[in-house]
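Below are the chains, spelled out letter by letter.
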Amino acid sequence: MNKWGKLSLGMILAVGLLSGCGQNKNDDTAATGNATNGGATKTLTMGTSADFPPYEFHKVVDGKDTIVGFDIDIAKEIAADMGAELVIKDLPFDSLLNELSSGRVDIVISGLSPTEERKKAVDLSDIYYKAEQAIVVREADKDKYATMDAVKGTKIGVQTGSIQEEIAKGIEGAKITSLGKISEIVLQLQSNRVDTAIIEGPVAKSFVKNIPGLVITDAKPEVEDDGYAIGIKKGNKELLDQVNSTLTRLNSEGKIDEYVAAASELADSTK
Ligand code: ARG
């Protein structure tokens, strides 16, 4: 609880006051419940890059492809607190903030790190979770790349538009391959086209657990932004306040840790 103490309380807004969560209809649905607002259905459209277990990923649930993960659990709670129906759009990570600024999505929840540059483009919520970065390599190379010094000059795989891409740019002699999806980076590692990959710790853990032959080394990339925030269109204070009040509630109820544990289990189960 303590680390969340700084989240400010008293930002509870009445449901229905919110703007910016428009009536936008589209066919990328993964709806939860049916909220009605004076006859019309109010929606909260979330943009995410669902390649990122346990944050957001695809899973067959009851025979149906579904986007799940702890970011999705948080989104459902925000939508519920708003009395809105959640619509999920699976988009390339590097397009998310543009989609937000142009109003095609209301909110971005995608393991988003609150960098200074992003703060200029969109509004960001309070931090809802923290994690470290990891270096993933082929098993045989585990000791070879045990320090950040050893990672210098290697062929590094990262996700396009991510902070990992920025971290890689700061590594001396790095030969960077930027790709749209984490699963593509993993393939490049497996096929020897890159030798190292920088991936968020929890995501790296999920991939190495499920893919034989890949491991996390002892090397620790340094980053300033080790927390995650939710993106909201600049100036939409009502939605920002709503998001922060839901996060405050979830933290005080211990829900986020619960969601992370459940999503990690779901990501690791083959069923
Ligand atoms: N935390 C990193 C960033 O904000 C990577 C996030 C990638 N998220 C995803 N869903 N693929 O740049």
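Look up a bit, the structure's there.
Here the structure is a predicted model, which means the values were calculated and not measured.

**Some thoughts on the sheet that holds strand 13 (residues 175-179)**
1) Next: Read from one edge to the other, the open sheet built from 5 strands follows the order 13-12-14-11-15, with strand pairing classed as mixed. In the strand order of this sheet, the two ends are held by strand 13 and strand 15 (214-216), each with one partner. When strand polarity is set aside, the average angle formed by the axes of neighbouring strands in this sheet is 30°.
2) Next: As paired elements, strand 12 (residues 155-159) and strand 14 (residues 196-200) share 2 bridges and run parallel to each other. Counted as the bridge partner of Gly157 is Ala197 from strand 14.
3) Next: Helix 7 (residues 201-210) rests against strand 11 (133-138), strand 14 and strand 15 of the sheet, and its axis sits at about 120° to strand 14.

**Describing the side chain of Ser49**
1) Next: Here Ser49 lies in the loop between strand 3 (43-48) and strand 4 (51-52).
2) Next: Ignoring sequence-local partners within four residues, the contact set of Ser49 consists of Glu56, Asp90, Leu91, Pro92, Phe93, Leu96, Ser110 and Gln159.

**Here's the deal with the nonpolar core**
1) Next: In terms of nonpolar packing, the biggest core is built from 48 residues, with Ile74, Tyr128 and Ile230 touching the most fellow members.
2) Next: The leading source of residues in this core is helix 1 (residues 70-82), at 7 residues.
3) Next: Counting residues in hydrophobic clusters, the runner-up holds 12 residues, among them Val151, Ile156, Val158 and Ile171.

**Digging into the site of the ligand**
1) Next: The environment of the ligand is made up of 16 residues, and the closest members are Gly111, Ser113, Arg118, Ile163 and Glu200.
2) Next: Here a nitrogen atom of the ligand and a side-chain polar atom of Glu56 are 3.0 Å apart.
3) Next: A distance of 2.8 Å is found between an oxygen atom of the ligand and a backbone nitrogen or oxygen belonging to Ile163.
4) Next: In the complex, 100% of the free accessible area of the ligand, which totals 350 Å², lies under the protein chains.
5) Next: Listing elements by their share of the shell around the ligand, those giving two or more residues are strand 4 and helix 5 (163-169).
6) Next: For the shell around the ligand, the class distribution of residues is 5 nonpolar, 7 polar and 4 charged.

Parameters and conventions
Residues numbered from 1 in each chain as written. Predicted model: local features only at pLDDT ≥ 70, side-chain atom pairs only at ≥ 80, totals over all residues. Heavy atoms only, no water. Pairing = 2+ DSSP bridges. Helix = DSSP H or I, 4+ residues; strand = E, 2+ residues; numbered from the N terminus. Axes fitted to C-alpha atoms, helices over the stretch in contact; angles between N-to-C directions. Contact = heavy atoms within 4.5 Å. Core = buried A, V, L, I, M, F, W, Y, C linked by side-chain atoms within 4.5 Å. Buried < 20%, exposed > 50% of the residue type's maximum accessible area, 1.4 Å probe, protein only. Near = heavy atom within 4 Å. Polar contact = N/O pair within 3.5 Å; in protein donor to acceptor, adjacent residues only side chain to side chain. Areas by Shrake-Rupley, 256 points an atom, 1.4 Å probe, with all protein chains shown as cover. Nonpolar A, V, L, I, M, F, W, Y, C, P; charged D, E, K, R; others polar.

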